[in-house]
Amino acid sequence: MIPETDLPAPAPDAAPDPAIEARAAVLARLDAAKVAADVAETAYRAEAARRTEELARERAHAWRRADLMRSLAGTLDSVPDAEMAVAAGQALLRARLGWSDDSEARAEVLARFAPVAVALFEMESEAAPEAALATFEEWYATTRQSPFWYLFEHYLPDTPLVDF
C-alpha cells in the first residue's frame, strides 16, 4: 500500500487564492499572445511568399515583353511593307516559341499577333504598339486562361537525330 502524503487537504469552504488566479490569468494572456504572434507571423510569411511570386512573375513577363518587342523592332527595320511586317513578326514568334508544326491554336495566336507587328511597323503613334500588344495579351489571357508569356516558360528538349 502507498503511504498517504502528509499534506493537508484544502478546506472545502476555503476561498481561492487571488494571487494564484491572477497569475493564471497573466499566463493565459501570455499564451494567447504567443499564439496570436505565431498566427500573424505565419500569415505574413504566406503573404510575403505570394507577393514575391507575383512580383517575380511580373518581372519575367516585363522582360519577355521587352525582349520580344525589341527583337521584333529589329526585324522590322528591314521590311518594306505591313504585309512583310506581319510575316516577319509571325516568323519571329514561331522561332521564339519553337513552333515548327502548325495547329489551329497556333495559327490563331499568330493571326492575333499580326496587329502587334503592324502597329510596331507603322508607328502611327508612340502608344500604338503597346496598345496592340496589350490587346493581344488580353485576348490570349481571356481565351487561354493564362498569360501569353507562360508560353516562353515551357522547355522544349532537343529531339535527337537517329542515323541508321
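See the structure printed just above.
Residues numbered from 1 in each chain as written. Predicted model: local features only at pLDDT ≥ 70, side-chain atom pairs only at ≥ 80, totals over all residues. Heavy atoms only, no water.

Quick look at the packing of helix α1 (residues 18-76) against helix α2 (residues 82-97)
One way to put it is that α1 packs onto α2 with a least axis distance of 10 Å and a crossing angle of 140°. When the axes of α1 and α2 are compared, the pair comes out oblique. α1 and α2 meet at a crossing whose hand is right-handed. Across the interface between the two elements, D67, L68, S71, L72, T75 and L76 of α1 pack against A85, A88, G89, L92, L93 and R96 of α2. Grouping the amino acids of the contact of α1 with α2 by side-chain chemistry returns 7 nonpolar, 3 polar and 2 charged. (Axes fitted to C-alpha atoms, helices over the stretch in contact; angles between N-to-C directions. Helix = DSSP H or I, 4+ residues; strand = E, 2+ residues; numbered from the N terminus. Parallel < 35°, antiparallel > 145°, perpendicular 65-115°, else oblique. Left-handed = near helix turned anticlockwise from the far one by under 90°. Contact = heavy atoms within 4.5 Å. Nonpolar A, V, L, I, M, F, W, Y, C, P; charged D, E, K, R; others polar.)

Describing the packing of aromatic side chains
The tally for this structure, following the rule as stated, stands at 8 aromatic pairs. Between F136 and W139 the ring centres are 6.0 Å apart and the planes differ by 35°, which places this aromatic pair in the tilted class. Of this pair, F136 and W139 both sit in helix α4 (residues 128-144), 3 residues apart, roughly one helical turn. This pair shows no difference in class: F136 is buried, exactly as W139 is. On the numbers, 5.4 Å between centres and 75° between planes, the contact of Y140 with F148 is edge-to-face. (Phe/Tyr/Trp six-rings, centres within 6.5 Å; stacked < 30°, edge-to-face > 60°. Buried < 20%, exposed > 50% of the residue type's maximum accessible area, 1.4 Å probe, protein only.)

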